[in-house]
Amino acid sequence: MSDQSPPSPAEVTRPPRLRPDLLAIADLVVPGARMLDLGCGDGALLEYLRDRKQVKGRGIELTEAGVLACVRRGLSVRQGNVQEGLADYPDQSFDAVILSQTLPYLDDPAMVLGEMLRVGRTAIVSFSNWGHWRCRLELLVTGRIPVAVDLPQQWYESPRRQPFSVTDFARFCRQIGIQIDRQIYMNRGIRIRTGRFKNLLSTTAVFTLQKRTKV
């Protein structure tokens, strides 16, 4: 006879732990949406959206370990490199396409964002902000390239990433004809109101993107 007591109802219904930026992304996805998660990792976000919002989700993940973790969760995920494009998917196949904490590692972010907005009605991205005041102060005081507050990775570690700020990304979107629709700013996992100082105070940003409408 087992000494283990059955889990309480609270334990059974407790949602899986997600990174704060993934929780913010989940809040932006409407129930029942068709969704594609690029670089979906172990599938935690896909599982959360499937179970909590009945989302019809698919994923693309580069690593074999990530794909296996997704399969164990019962998710529809294929192994692939998002930088090779999304040619397998027709236009407007999804309501939302998600790219979380992957932008700094892309060789051609304009192409990937363009493909996201071709196959999806909306793109949702999250990234760490190197414009945060701690990053600026560290570079000023030490003369060393700072580590993003929410992304503790040294410059020499693999995969290599290209630091950029909230202001850099907003300017980049204007250059390539993408409109920022909704914005969420966070500081160490807590959502904040930043006003004019979003680039100075936020450690992570979450944006929804649309193709810029022609007038």
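Shown above is the structure to which this text applies.
From a predicted model like this one, the values you see are computed outputs, not experimental measurements.

(A) View of the overall build of the chain. Of regular secondary structure, the chain possesses eight helices and eight strands. In the chain, buried positions account for 44% of the 215 residues. Residue pairs in contact within the chain that sit at least 24 positions apart in sequence constitute 65% of those at least 6 positions apart. As displayed, the chain offers around 12400 Å² of accessible surface, 52% of which is attributable to carbon and sulfur atoms.

(B) Looking closely at the packing of helix α2 (residues 20-28) against helix α3 (residues 44-53). Remark: α2 packs on α3, axes separated minimally by 11 Å, with the N-to-C direction vectors making an angle of 40 degrees. In terms of orientation, α2 and α3 fall into the oblique class. Of the two possible hands of crossing, α2 and α3 adopt the one that is right-handed. Mapping the contact onto sequence places L22, L23, I25, A26 and D27 in α2 and L45, Y48, L49 and K53 in α3. For the contact of α2 with α3, the residue count by class is seven nonpolar, no polar and two charged.

(C) Spatial organisation of the layout of surface pockets. Considering only enclosed or pocket space, the largest pocket measures out at about 720 Å³ in volume. If you go around the largest pocket, you meet 28 residues; those closest to its centre are G39, G41, E61, Q101 and T102. Of all elements in the fold, only α3 and β2 (56-61) reach the threshold of two or more residues within the lining of the largest pocket. In terms of residue class, the lining of the largest pocket is built from 12 nonpolar, 10 polar and six charged.

(D) Quick look at a nonpolar patch on the surface. Together, W133, L137, L140, V141, F197 and L201 line one region of the surface with nonpolar side chains, adding up to about 600 Å² of accessible area. By residue number, the principal contributor to the nonpolar patch is helix α6 (residues 133-142), which donates four residues. In this fold, L201 is placed in helix α8 (residues 198-201). Overall, the relative accessible area of 32% leaves L201 in the partly exposed class.

(E) The arrangement of the packing of aromatic side chains in detail. One pass over the full model with this rule turns up seven aromatic pairs. Measuring from centroid to centroid gives 5.6 Å for F169 and F207, while their planes differ by 35 degrees, and the two rings are tilted. Of this pair, F169 sits in helix α7 (residues 166-175) while F207 sits in strand β8 (residues 204-211), placing them 38 residues apart in sequence. On the basis of relative accessible area, F169 is assigned to the buried category, the value being 3%. The exposure class of F207 is buried, given its relative accessible area of 1%.

(F) Structural view of the pattern of salt bridges. Scanning the entire structure with this criterion turns up 11 salt bridges. Of the charged contacts, one joins R73 and E47 as a salt bridge, the two residues approaching to 2.4 Å between their closest N and O atoms. Here R73, found in the loop between α4 (64-72) and β3 (76-79), pairs with E47, found in helix α3; they are 26 residues apart in sequence, far enough to count as distant. The class for E47 is buried, based on a relative accessible area of 17%. Residue D95 pairs with R121 through a salt bridge whose shortest N-O separation is 3.7 Å. Here D95 is found in strand β4 (residues 94-100), whereas its partner R121 is found in strand β5 (residues 120-128), with 26 residues between them in sequence. Overall, D95 belongs to the partly exposed group, its relative accessible area being 24%. Through salt bridges with shared partners, a single ionic network connects D42, E47, R50, D51 and R73.

(G) Broad picture of the sheet that holds strand β1 (residues 34-38). In space, the eight strands of this open sheet follow the order β3-β2-β1-β4-β5-β8-β6-β7, with mixed pairing throughout. Pairing within the sheet leaves two strands with one partner each, and these edge strands are β3 and β7 (190-191). Of the pairings in the sheet, the one linking β1 to β2 comprises five bridges and is parallel in character. Looking at β2, one finds that L38 is bridged to I60. Where α3 meets the sheet, its contacts fall on β1, β2, β3 and β4, and the angle it forms with β1 comes to roughly 165 degrees. Running at roughly 145 degrees to β5, helix α5 (residues 109-119) makes contact with β1, β4, β5, β6 (178-187) and β8 of the sheet.

About the criteria used
- Numbers given to residues run from 1 along each chain, matching the order in which its sequence is written.
- In view of the model being predicted, local features appear only for residues whose pLDDT reaches at least 70, and side-chain atom pairs are presented and counted only at 80 or more, with totals across whole chains, interfaces and linings using the full set of residues.
- As a rule here, side-chain values come from all non-hydrogen atoms in the structure, and water together with hydrogens is ignored.
- Working definition: helices are DSSP H or I runs of at least four residues, strands are E runs of at least two. Numbering for both runs from the N terminus.
- Burial classification: accessible surface area is computed with a 1.4 Å probe over protein chains only, and a residue below 20% of its type maximum counts as buried, one above 50% as exposed, and the rest as partly exposed.
- For this analysis, residues touch if any pair of their heavy atoms sits within 4.5 Å.
- Residue exposure ignores everything except the shown protein chains as possible cover, and the areas themselves are Shrake-Rupley values with a 1.4 Å probe.
- The angle between two axes is taken between their N-to-C directions and runs from 0 to 180 degrees, where each axis is a line fitted to C-alpha atoms and a helix contributes only its stretch in contact.
- Between 65 and 115 degrees an angle is taken as roughly perpendicular, under 35 as roughly parallel, over 145 as roughly antiparallel, and anywhere else as oblique.
- Two helices that cross are described as forming a left-handed crossing if the nearer one is turned anticlockwise from the farther one by less than a right angle, and a right-handed crossing if clockwise.
- Each residue gets one of three labels, nonpolar for Ala, Val, Leu, Ile, Met, Phe, Trp, Tyr, Cys and Pro, charged for Asp, Glu, Lys and Arg, and polar for the others, Gly among them.
- Using protein atoms alone on a 1 Å grid, points that fit a 1.4 Å probe yet trap it form a cavity, whereas open point sets bounded by protein on both sides within 12 Å along at least five of seven lines form a pocket; residues with an atom within 4 Å of a point count as lining.
- Grid points are joined across faces, edges and corners, and a volume is the space filled by probe spheres set on the points.
- Exposure above 30% relative accessible area and the lack of any salt bridge qualify a residue for a patch; like charges then connect within 9 Å, and the nonpolar side chains Val, Leu, Ile, Met, Phe, Trp and Tyr within 5 Å.
- One speaks of a salt bridge when a side-chain nitrogen belonging to Lys or Arg is within 4 Å of a carboxyl oxygen belonging to Asp or Glu.
- A pair of aromatic rings is counted whenever rings of Phe, Tyr or Trp (Trp by its six-membered ring) have centres within 6.5 Å, and the orientation is called stacked for planes under 30 degrees apart, edge-to-face for over 60 and tilted otherwise.
- Two strands pair if DSSP finds at least two bridges between them.

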